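Residue-level listing of the chains:
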Amino acid sequence: MHSPVEFLPASQMEERRLLILFGSQTGTAEDLGERIGRQAKRRHFQCRVDALDSYPVANLIDEPLVIFVCATTGQGDPPDNMKNFWRFLFRKSLSPGSLCQLDYAVLGLGDSSYPKFNFVAKKLHKRLHQLGGCPLLPAALGDDQHDLGPDAAVDPWLADLWEKILQLYPLPPGLQILSPDIILPSRFTFRFLDGNDQTGCPDPPAESDPGPTCERHPFPARVLSNQRVTSESHFQDVRLIELDLAGSGIQTAAGDLALIAPRNAPEDVELFCRLLNLDPRRRFLVEPAEQGTALPFPLPRPCSIGHLVENCLDIAGVPRRSFFELAAQLSPDEREREKLREFVSAPGQEELYAYCHRPRRTTLEVLSDFPKTAAAIPCHLLLDLIPRIRARAFSIASSMLAFPDRIQILVAVVRYKTRLARPRRGLCSTWLASLDPARGNFLFFGCRHRAHDFYFWDEWAELSDRGFLSVFPAFSRDQEEKIYVQHRLRENQALLWELLCRGARIYLAGSAKEVPECIAEALCSGFESEGGLSAPQAAEFLAALERAGRFQAETWS
C-alpha cells in the first residue's frame, strides 16, 4: 500500500516557488527537467517545468529560483526550442542588474567529442551572472561520452544543489522529503468513455488544425516514390523517397531539413497493449492536471489507446532513467521491483548501462522483461512514463525549383546487431522504407451490370494491376439481391476508418435523390462501429470532415 501524499497549503507553496526551464533537441534535457521537477515536488516546492521558448522570458525578472537544463547541438548551437529565448537574453539593451533577484543553476548536456562541449550551458551561466543573477553552483556539464552518460556528472551536482536550495528554502515545520516509494500524482487526467458517452467530438486528423505546419501540427505528405538506390547485395539499404507537399504551403531552400514523424510498428503496438492489458479501441479524454501544464503532443478528442500508442508513445526508444524510477514505484512484484530499484540506484548505474544502454534495449523489450510490472501500469501514468515519439530530421536532397511542391530525402535504413537476439532497427528509417508510394486510392463504384455500364473498367483494371488503385464494385442487377455502394462501404468499415485516421479524403459523385443520405448513413455506421462513437458524435465527425474539405459531394437530380 502506497502512502498518501501530503502537500502544503497554497500560501506556503507560493513562498517556495521553483521554475525549471529546458532547451532540448532530442528529449534528454526535457526528460531531465521533468525528473528534477519530480524531485522538487518531493521537497514540497511549487514547481513548473517548461520549454525555454514556451516561457514568457520577460517574466524572468520576477522569478526567485530557476534551474536551467539545456543541451548543446551541432557546433555549439542552442536547441530549437530555446532559440528565441537565446536571442532575447543576449540583447545589448538588457541592463546588468536585470536579474538581481534571481537565484539560478545551469545544468548542461553535451558531448565532449565535439569542440564546443557544453558551449550553450557555459555561455548561459556566464550571461545570467552578467545580468545580476546569483549562481547557486558552478554549471554542471553532463557528457554523453562518459561510460555512465551524463548522470555521472548530474547526480552528484543535483545532490549538492538540493542541499544548497534547502538551506535557502528550508522545509516547513512538520514536513519531510517524500519517500521515493510514494507515487506522485500524474500531470494528466484520463477519463475513459463508454459507448453512450457523448462528451467531446473526434477532431478530424491534423490537416484541419489551424496554424502553420510544424512538429506539433505536421502536414500529412503523400509518398510519391520509394526507391532503393543501393544494390540488393549491398550491406546498406538506402532509399530515395519523394514526398508530395502540394497544399502544404511549405517552401524549402538549400540546406533545409525535413522533420519526419514516424509511427510504431503494428506488431509492437499489439504487444504493448497485450503486456499492459489495454484495449486499443478504448477511447478516452486527457487533460492537464495542473494549471500551466500542456499536453506533450496534440491528441484527437476523444482519442483511442491504439492511436496514442502507435503515433505518440516512444515504445521503440531506449528508456531513460526516469522510466525505471517510476516503474519501480509501480511494480507489485518484489523481485521485479528490487531489480528496477537497483537500476536507478547510484551503485547500479553500470549494470543499467550494460542491461539497457549498451545493447540499445527498447522500452517495449524492458516491459517484456518485467511483465508483472507492465501489467500494473495504469493508463493515466503513460504520459509520465514514456516520452513522445520525436520527429527525425533529414537533409532535403532536392530543389523545389526542379521539383515544385515536392521534396526528396535520402534515407539509410538503420539496422545493426548488438548482443541481443533481435537486430536493432531505426524506428523512422524502417517505417519510411516500408511505405508503399502512391497506392492509397480506393474506388467504390456502383452501376447496374458489370457487362453494360461499368464505365472505364479497363482503366480501373490497369491501375489496379499496377497497384495504384483498389476497386470495390457494386453491381445492383447482376444478382437477385440488389447491392449498392453503401453495402460495400459497410463491408469495409475498418478500412475506411483507418484511412480517415491517416488523413484520407472522400469524394462522392452520384444522384442527389437518395445516394448522399445512404452514403452518409453507411459512413456514420462505420464511425460508430470502428471508432466507438455515438450516433451524434459520428454525425458531427462527418460534418467536421466536410468543413475541412475532406468530404466533398457532387450530385445531380
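Details of the structure are given in the entry above.
From a predicted model like this one, the values you see are computed outputs, not experimental measurements.

Enquirer: Before we go on, may I ask you to explain the packing of helix α2 (residues 28-42) against helix α8 (residues 321-330) in this structure?
Expert: Two quantities define a packed helix pair, namely the angle between the axes and the distance from one axis to the other. Interhelical geometry of α2 versus α8 gives an angle of 40° and a closest axis separation of 9 Å. Taken as axis vectors, α2 and α8 run oblique relative to one another. Across the interface between the two elements, Asp31, Arg35, Arg38 and Arg42 of α2 pack against Arg321, Ser322, Glu325 and Gln329 of α8. Here the contact of α2 with α8 is built from residues that sort into no nonpolar, two polar and six charged.

Enquirer: Is there a simple way to think about the pattern of salt bridges in this case?
Expert: Under the defined criterion, the tally for this structure stands at 28 salt bridges. Linking Glu325 and Arg35 is a salt bridge whose minimum nitrogen-to-oxygen distance equals 3.9 Å. Taken together, the residues Glu325 in helix α8 and Arg35 in helix α2 connect sequence positions 290 residues apart. Judged by its relative accessible area of 22%, Glu325 is partly exposed. Where Asp384 meets Arg187, a salt bridge forms, and the shortest distance between an N and an O atom there is 3.1 Å. Taken together, the positions of Asp384 in helix α13 (residues 382-385) and Arg187 in the loop between α5 (151-168) and β7 (188-193) put the pair 197 residues apart, joining distant regions of the chain. Considered together, Asp384 and Arg187 belong to a single accessibility category, that of buried residues. Residues joined in a network through salt bridges with shared partners are Arg35, Asp151, Asp155, Arg321 and Glu325.

Enquirer: Just checking my understanding: could you explain the sheet that holds strand β8 (residues 222-228) for this structure?
Expert: Paired through their backbone hydrogen bonds, the strands of a sheet run either parallel or antiparallel. Read across the open sheet, the three strands follow the order β8-β9-β14; overall the sheet is antiparallel. Edge positions in the open sheet fall to β8 and β14 (406-412), since each of these has one partner strand only. Shown here is a sheet whose adjacent strand axes are inclined to one another by a mean of 20°, direction ignored. Pairing analysis gives seven bridges linking strand β9 (residues 238-244) to β14, with the strands arranged antiparallel. Within β14, the position partnered with Arg239 by the bridge is Val411.

The rules behind the values
- Every chain's residues receive numbers from 1 upward, in the order its sequence appears when written.
- Selection of residues for local features in this predicted model requires a pLDDT of at least 70, selection of side-chain atom pairs for listing and counting requires 80 or more, and totals for whole chains, interfaces and linings are taken over all residues.
- Each side-chain value is derived from all of the structure's non-hydrogen atoms; neither hydrogens nor water enter the calculation.
- Axis lines are fitted through C-alpha atoms, for helices just across the contact stretch, and the angle between N-to-C directions can take any value from 0 to 180 degrees.
- Helix and strand labels come from DSSP, where a helix needs a run of H or I of at least four residues and a strand needs a run of E of at least two; each type is numbered from the N terminus.
- If an angle is under 35 degrees, it is roughly parallel; if it is over 145, roughly antiparallel; if it lies from 65 to 115, roughly perpendicular; otherwise it is oblique.
- Only heavy atoms enter the contact rule, under which two residues are in contact if any of them lie within 4.5 Å.
- All amino acids are sorted into three groups, where Ala, Val, Leu, Ile, Met, Phe, Trp, Tyr, Cys and Pro are nonpolar, Asp, Glu, Lys and Arg are charged, and the leftover types, Gly among them, are polar.
- The rule for a salt bridge is simple: a side-chain nitrogen of Lys or Arg has to be within 4 Å of a carboxyl oxygen of Asp or Glu.
- Per-residue accessibility, obtained with a 1.4 Å probe over protein chains only, is compared with the maximum for each type, and a residue is labelled buried under 20%, exposed over 50%, and partly exposed between these values.
- In this analysis, strands are considered paired if DSSP registers two or more bridges between them.

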